[in-house]
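A closer look at the structure
In case you want the letters, here they are:
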Amino acid sequence: MEIAPLIIRPEIPLENFFPIFLSSAMVIILGLGYIGIYTIVRLGKLHKSFMPAAYAFWVAQTYCLYYLGVLIKSEPFTQYVLFGAMVGFLLIPHFVYFLMEKTHESVEH
């Protein structure tokens, strides 16, 4: 029986547990805030002046994800992938509402 090679990763110090846990939780909570405010504004239930707050949630979420990557000592390539994911998270709601508006226009009587 052959033993699989181990991937050697640097140890994460125990004192970083709480900041890792907190930044991970904030990524989820701030993402919900961004999507929630963005959706409510686009549905017309909230005034458009609240849209900058949605983008502020996205900026804070992006920072928390970056900080999480630093705490877990991720590689530079992984940091680029995480940033790409955050750009996608910013753009996907815009694309979804664009498709929704075009679909609504095409089926109106």
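Residues numbered from 1 in each chain as written. Predicted model: local features only at pLDDT ≥ 70, side-chain atom pairs only at ≥ 80, totals over all residues. Heavy atoms only, no water.

With that out of the way, let us pick up helix 2 (residues 51–71). Think of an α-helix as 3.6 residues a turn; residues three or four steps apart then line up on the same face. When the terminal C-alpha atoms of helix 2 are compared, their 31 Å separation across 21 residues agrees well with the 30 Å that a helix rising 1.5 Å per residue should span. For helix 2, the full list of buried residues reads Met 51, Ala 54, Trp 58, Gln 61, Thr 62, Cys 64, Leu 65, Leu 68, Gly 69 and Leu 71. On its buried face, helix 2 is in contact with helix 1 (17–42) and helix 3 (76–107). Backbone geometry just after helix 2 places Lys 73 at a positive phi near 60 degrees. (Helix = DSSP H or I, 4+ residues; strand = E, 2+ residues; numbered from the N terminus. Expected span 1.5 Å × (residues − 1). Buried < 20%, exposed > 50% of the residue type's maximum accessible area, 1.4 Å probe, protein only. Contact = heavy atoms within 4.5 Å.)

The next subject is the packing of helix 1 against helix 3. Axis separation between helix 1 and helix 3 bottoms out at 11 Å; the angle between their running directions is 25 degrees. If you check the angle between helix 1 and helix 3, you find them roughly parallel. In this structure, helix 1 crosses over helix 3, and the sense of that crossing is right-handed. Along its contact with helix 1, which presents Gly 31, Tyr 34, Ile 35, Tyr 38, Thr 39 and Arg 42, the element helix 3 presents Phe 89, Leu 90, Pro 93, His 94, Tyr 97 and Glu 101. (Axes fitted to C-alpha atoms, helices over the stretch in contact; angles between N-to-C directions. Parallel < 35°, antiparallel > 145°, perpendicular 65-115°, else oblique. Left-handed = near helix turned anticlockwise from the far one by under 90°.)

With that settled, consider the nonpolar core. The tendency in soluble globular proteins is for nonpolar side chains to be buried as a group. Tyr 34, Tyr 38, Met 51, Ala 54, Trp 58 and Leu 65 are the most contacted members of the largest nonpolar core, which totals 17 residues. Sorting the residues of this core by element identifies helix 1, helix 2 and helix 3 as the ones contributing at least two each. Beyond its immediate sequence surroundings of up to four residues, Trp 58 is in contact with Tyr 34, Met 86, Val 87, Phe 89 and Leu 90. (Core = buried A, V, L, I, M, F, W, Y, C linked by side-chain atoms within 4.5 Å.)

Right, let's talk about the packing of aromatic side chains for a bit. Any two aromatic rings considered together are summarised by their centre-to-centre distance and by the angle between their planes. Using the criterion set out here, one finds six aromatic pairs in the structure. Residues Tyr 34 and Tyr 38 carry aromatic rings whose centres are separated by 6.1 Å and whose planes lie at 40 degrees to one another, so their mutual orientation is tilted. Here Tyr 34 and its partner Tyr 38 are both found in helix 1, four residues apart, which amounts to about one turn of the helix. Here Tyr 34 matches Tyr 38 in class, with each residue buried. (Phe/Tyr/Trp six-rings, centres within 6.5 Å; stacked < 30°, edge-to-face > 60°.)

Tracing the chain through its elements places Ser 24 in helix 1. Taking the C-alpha atoms as reference points, Ser 24 and Lys 73, 49 residues apart in sequence, are found 14 Å from one another.

With that settled, consider the side chain of Thr 62. Secondary-structure assignment places Thr 62 in helix 2. Ignoring any residue separated from it by four or fewer positions in sequence, one finds Thr 62 in contact with Phe 83 and Met 86.

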